[in-house]
Every structure is written in structure tokens, then in C-alpha cells.
Amino acid sequence: MPPSRALIWLRRDLRLDDHTALAAAAAEKTAVAAVFVFDPAILQPLDKNDRRLTFIHRSLEELAASLKSKGSELIVRHG
């Protein structure tokens, strides 16, 4: 039987602990991937050195490492 899979769309909650949707998916599925999408409409007016972007990038790096250590992955896209 093929593995059951789930895809979690992360928007604002970039943490693993106490994440309701992620916990539910992990409890029910054998494979879980998370996705974060940068919205160009939000990014366009921001300066490339904006501290908020730096914070989000660092948070995503930490999240990706945590997910990888648990056998999962973080997919990051723009669009």
C-alpha cells in the first residue's frame, strides 16, 4: 500500500510545536510535507534588507532543518 501523504500550507505559523494542522497530519499520514509561499504582492513594496524578511528567512531555515530531522521537508516557493 502506498504511503498516505499530507501537504500543510504554512502562512503565519512557522513553528512545529503546538501546530494543530501539522500535528493532525502527522497523526494520520505516513508522510507530511510543509509548504510556504512568498507572495509577490507583499514582497514587492519591501526593501530587500527589510528586517521582517530576514526574520522570515531565518525562521524558514530553522523550520526546514527541524522538519528534515523528523524525516519531512519544507517546500518554499514564490508566487
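Residues numbered from 1 in each chain as written. Predicted model: local features only at pLDDT ≥ 70, side-chain atom pairs only at ≥ 80, totals over all residues. Heavy atoms only, no water.

Undergrad: Looking at this model, I keep getting lost on the overall build of the chain. Mind explaining?
TA: Check the secondary structure of the chain and you find three helices and three strands. Starting at the N terminus and walking to the C terminus, you meet the elements of the chain as β-α-β-α-α-β. Referenced to the eigenvectors of the C-alpha coordinate spread, the extents of the chain come out at roughly 50 × 20 × 20 Å. For the chain, long-range pairs separated by at least 24 residues make up 69% of all intrachain contacts whose partners lie at least 6 apart in sequence. Here the chain displays about 6,300 Å² of accessible surface, and carbon together with sulfur accounts for 53% of that area. The positive charge centre, built from 12 side chains, and the negative charge centre, built from 10, are 3 Å apart in the chain. (Helix = DSSP H or I, 4+ residues; strand = E, 2+ residues; numbered from the N terminus. Contact = heavy atoms within 4.5 Å. Areas by Shrake-Rupley, 256 points an atom, 1.4 Å probe, with all protein chains shown as cover. Lys, Arg positive; Asp, Glu negative; His and termini not counted. Charge placed at Lys NZ, Arg CZ, Asp CG, Glu CD.)

Undergrad: Could you clarify how one ought to interpret the pairing of strand E1 (residues 5–10) in this entry?
TA: Side-chain positions along a regular strand alternate between the two faces of the sheet. In E1, alternate side chains face the same way, and those of Ala6, Ile8 and Leu10 are buried while those of Arg5, Leu7 and Trp9 on the opposite face are not. Bridge count for E1 against strand E2 (residues 31–38) is six bridges, and the pairing is parallel. By the bridge assignment for E2, Leu7 is matched with Ala33. For the crossover from E1 across helix H1 (residues 20–28) to E2, the handedness is right-handed. (Buried < 20%, exposed > 50% of the residue type's maximum accessible area, 1.4 Å probe, protein only. Pairing = 2+ DSSP bridges. Right-handed = clockwise from strand over helix to strand, strands pointing away.)

Undergrad: Could you clarify how one ought to interpret the sheet that holds strand E3 (residues 73–78) in this entry?
TA: Where strands meet in a sheet, backbone hydrogen bonds hold them as pairs that are either parallel or antiparallel. Taken together, three strands build an open sheet; the order of strands is E1-E2-E3 and the sheet is parallel. Either end of the sheet is taken by a strand with one partner, and the two such strands are E1 and E3. For this sheet, the mean angle separating the axes of adjacent strands, direction not counted, is 25°. Strand contacts of helix H3 (residues 51–69): E1, E2 and E3, with the helix running at about 170° to E2, the strand carrying the most contacts. (Axes fitted to C-alpha atoms, helices over the stretch in contact; angles between N-to-C directions.)

Undergrad: Got a minute to help me understand the confidence of the model for the chain in this structure?
TA: Reading predicted coordinates in detail is not appropriate for stretches of low pLDDT. Summing up the model confidence of the chain, the mean pLDDT is 87 and the portion of residues at 70 or higher is 97%. By mean pLDDT, helix H2 (residues 40–43) is the weakest element of the chain at 85, and E3 is the strongest at 92. (pLDDT = per-residue confidence, 0-100.)

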